[in-house]
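Observations on chain architecture
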Amino acid sequence: MSVRVKVCGVTRLEDARAAWDAGVDALGLNFYPPSPRYLDLATAARLGRTRPPLGTLIGVFVNAAPEDIRRAVTECGLTAVQLHGDEPPEACSGFGVPVIKALRVRGADDVARARAYVGVGDVTGLLLDGAAPGYGGGGVGFDWSLVAGVSGSGVPVLVAGGLKPSNVAEAVRATRPYGVDVASGVESAPGIKDMDAVRAFVRAAKSINLWE
């Protein structure tokens, strides 16, 4: 079995189509207005229509109003939502789709906080990210050994932060995650994907057999 790959912050139709063709399992669409990768609903809906039958389309939100999240789920065909802000456990439900709770990791205290989301609401996965300024997408990594504090908690774990084609295989070997998530590590500019880098990232990530 190989790791799942999510490419986040896609903004262009041609990049979405090419990413699916490259073997990406999930695309992340960013609904956080301050982000350079932000999408309005109409653009996100167009990108969402590229999703193949078995693909996963994830909307990324930061401290968003629940009604705005539900509207995006409906209008854009999202199959999951990723809450990447300061949302407490009790806010992680009510959207009609599974929830991935993202947390920025600086140390063991953040790992302990992540465990508070296990078994709460609609949380079906945790995403551990580096503590970049803002809310993700900054290419900042963290100590991968901390993932062990969440693995086996009862929900799949995704690893993000500072990943790129040259180090993603190492990250998969070190953490044995359910999935890996990349944005800036496969870009030529914020929101503009370098498809050679995307293909190299997918090949490297999926070269590791998680059953070995």
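Coordinates for the structure precede this section.
To start, this report covers the structure provided alongside it. Treat the numbers as computed from the prediction; the structure is a model and nothing was measured.

Cut-offs applied
- Residues numbered from 1 in each chain as written.
- Predicted model: local features only at pLDDT ≥ 70, side-chain atom pairs only at ≥ 80, totals over all residues.
- Heavy atoms only, no water.
- Helix = DSSP H or I, 4+ residues; strand = E, 2+ residues; numbered from the N terminus.
- Buried < 20%, exposed > 50% of the residue type's maximum accessible area, 1.4 Å probe, protein only.
- Contact = heavy atoms within 4.5 Å.
- Phe/Tyr/Trp six-rings, centres within 6.5 Å; stacked < 30°, edge-to-face > 60°.
- Arc of directions from axis to C-beta.
- Pairing = 2+ DSSP bridges.
- Axes fitted to C-alpha atoms, helices over the stretch in contact; angles between N-to-C directions.
- Polar contact = N/O pair within 3.5 Å; in protein donor to acceptor, adjacent residues only side chain to side chain.
- Parallel < 35°, antiparallel > 145°, perpendicular 65-115°, else oblique.
- Left-handed = near helix turned anticlockwise from the far one by under 90°.
- Nonpolar A, V, L, I, M, F, W, Y, C, P; charged D, E, K, R; others polar.

**Observations concerning the environment of Leu163**
Mapped onto the elements, Leu163 comes out in the loop between strand 7 (157-159) and helix 5 (168-175). Relative accessible area serves as the criterion here: at 4%, Leu163 is assigned to the buried category. Leu163 has contacts with Trp144, Ala171, Val180, Asp181, Val182, Gly185 and Phe201, leaving out every residue within four places of it along the chain.

**Details of the packing of aromatic side chains**
Between two aromatic rings, the relevant description is the distance of the centres plus the angle of the planes. Summed over the entire model, instances satisfying the criterion amount to 1 aromatic pair. Arranged with centres 4.9 Å apart and planes meeting at 5 degrees, the rings of Phe31 and Phe61 form a pair that is stacked. With Phe31 in the loop between strand 2 (26-30) and helix 2 (41-48) and Phe61 in strand 3 (residues 56-61), the pair connects residues that are 30 residues apart, well separated along the chain. Each member of the pair Phe31 and Phe61 is classed as buried.

**Regarding the environment of Ser153**
Position of Ser153 relative to the elements: it lies in the loop between strand 6 (123-130) and strand 7. Accessibility expressed as a relative area gives 16% for Ser153, which makes it buried. For Ser153 and Glu170, which are 17 residues apart along the polypeptide, the C-alpha to C-alpha distance reads 22 Å. Residue contacts for Ser153: discarding those within four places in its chain leaves Arg115 and Val118.

**Here's the deal with the side chain of Arg37**
Mapped onto the fold, Arg37 is located in the loop between strand 2 and helix 2. Under the relative-accessibility criterion, Arg37 is labelled buried at 7%.

**Side note on helix 4 (residues 108-115)**
Of all the positions in helix 4, only Asp110, Val111 and Ala114 are classed as buried. End-on, the buried residues of helix 4 take up no more than an arc of 105 degrees, which puts them together on one face. Facing away from the buried surface of helix 4 by more than 90 degrees, the exposed residues are Ala108 and Asp109. Residues of helix 4 that are buried make contact with strand 5 (99-105) and strand 6.

**Description of the sheet that holds strand 8 (residues 179-182)**
With respect to topology, 8 strands assemble into a closed barrel ordered 1-2-3-4-5-6-7-8, the strand pairing being parallel. Across the sheet, the axes of successive neighbouring strands diverge by a mean angle of 25 degrees, strand direction being ignored. Pairing geometry for strand 4 (residues 80-83) and strand 5, over 3 bridges, is parallel. Bridge pairing links Gln82 to Ile100 in strand 5.

**Details of helix 2**
Residues Thr43, Ala44, Ala45, Leu47 and Gly48 constitute the buried set of helix 2. The inward-facing, buried residues of helix 2 abut helix 1 (13-21), strand 2, strand 3 and helix 3 (66-76). A side-chain oxygen of the first residue of helix 2 lies 3.3 Å from the backbone nitrogen of Ala42; this N-cap is Asp40.

**Side note on the packing of helix 5 against helix 6 (residues 195-206)**
Running from amino to carboxyl end, helix 5 crosses helix 6 at an angle of 30 degrees, the nearest separation of the two axes being 8 Å. By the angle between their axes, helix 5 is roughly parallel relative to helix 6. Helix 6 is crossed by helix 5, and the crossing has right-handed handedness. Contact residues: Val168, Ala169 and Val172 in helix 5; Phe201, Ala204 and Ala205 in helix 6. Its residues assigned to classes, the contact of helix 5 with helix 6 comprises 6 nonpolar, no polar and no charged.

By themselves, these observations are geometric and do not establish any function.
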